[in-house]
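# Chain and residue survey
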Amino acid sequence: GGVAMDLAEYRVSRDGEALRLAPTEFRLLRHLMENPGRVFSREQLLDAVWGREIYLEPRTVDVHVRRLRRTLNAGGKPDIIRTVRAAGYALDRQR
């Protein structure tokens with residue numbers, strides 16, 4: 001989807017345009033990019049991104065996915081995060 005992530009400099013770009021992500025959205029995108037196409041439940045994403053020691057409502061993931069999508073899809077770019085009903089979210093390899 002034209003997304004590039006520089007882990008050393010903590011930067012993300014899409015189609016060459018720099019994006020500003022909050023730390024949580026950065027970690028969420030990193031986890032999805034490390035596992036393209038794999039569907040993660042909200043609980044799996046909570047554990048991977050926030051850690052097992054913290055209890056948060058599963059819907060917290062929805063809020064952060066929405067923020068991440070808003071940033072990634074600015075300017076009418078296609079959505080690369082796929083919602084799998086009753087299952088979770090995945091980074092779509094098709095786009």
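Below is a summary of the structure that appears in this document. Given the structure is predicted, the values throughout are model-derived calculations rather than measurements. (Residues numbered from 1 in each chain as written. Predicted model: local features only at pLDDT ≥ 70, side-chain atom pairs only at ≥ 80, totals over all residues. Heavy atoms only, no water.)

## Observations regarding the sheet that holds strand S3 (residues 17-19)
Read across the open sheet, the 3 strands follow the order S1-S2-S3; overall the sheet is antiparallel. The outermost strands of the open sheet, each flanked by one partner alone, are strand S1 (3-6) and S3. Put simply, the sheet's adjacent strands are angled 30° from each other on average, direction ignored. Looking at chain direction, S1 and strand S2 (residues 11-14) are connected through 4 bridges and run antiparallel. Directly across from Val3, in S2, lies its bridge partner Arg14. Against the sheet, helix H1 (residues 23-34) makes contact with S1 and S2, and its axis sits at roughly 110° relative to S1, the strand it touches most. (Pairing = 2+ DSSP bridges. Helix = DSSP H or I, 4+ residues; strand = E, 2+ residues; numbered from the N terminus. Axes fitted to C-alpha atoms, helices over the stretch in contact; angles between N-to-C directions. Contact = heavy atoms within 4.5 Å.)

## Observations concerning the side chain of Asn73
Within the fold, Asn73 resides in the loop between helix H3 (59-72) and strand S4 (81-84). Given a relative accessible area of 19%, Asn73 falls into the buried group. In terms of polar contacts, Asn73 uses its side chain to reach the side chain of Arg14, at 3.4 Å. Setting aside residues up to four positions removed in sequence, Asn73 forms contacts with Arg14, Pro78, Asp79 and Ile80. (Buried < 20%, exposed > 50% of the residue type's maximum accessible area, 1.4 Å probe, protein only. Polar contact = N/O pair within 3.5 Å; in protein donor to acceptor, adjacent residues only side chain to side chain.)

## Some words on the pattern of salt bridges
Taken as a whole and judged by the stated rule, the model has 7 salt bridges. With its nearest N and O atoms 2.8 Å apart, the salt bridge here joins Asp62 to Arg42. Here Asp62 is found in helix H3, whereas its partner Arg42 is found in helix H2 (residues 42-50), with 20 residues between them in sequence. Owing to a relative accessible area of 12%, Asp62 belongs among the buried residues under this scheme. Overall, the relative accessible area of 27% leaves Arg42 in the partly exposed class. Across the pair Asp79 and Arg69 runs a salt bridge, and its minimum N-O distance is 2.9 Å. You can see Asp79 sitting in the loop between H3 and S4 and its partner Arg69 sitting in helix H3, a full 10 residues away along the chain. What makes Asp79 partly exposed here is its relative accessible area of 22%. One continuous salt-bridge network, built from bridges that share partners, spans Arg42, Arg59 and Asp62. (Salt bridge = Lys/Arg side-chain N within 4 Å of Asp/Glu carboxyl O.)

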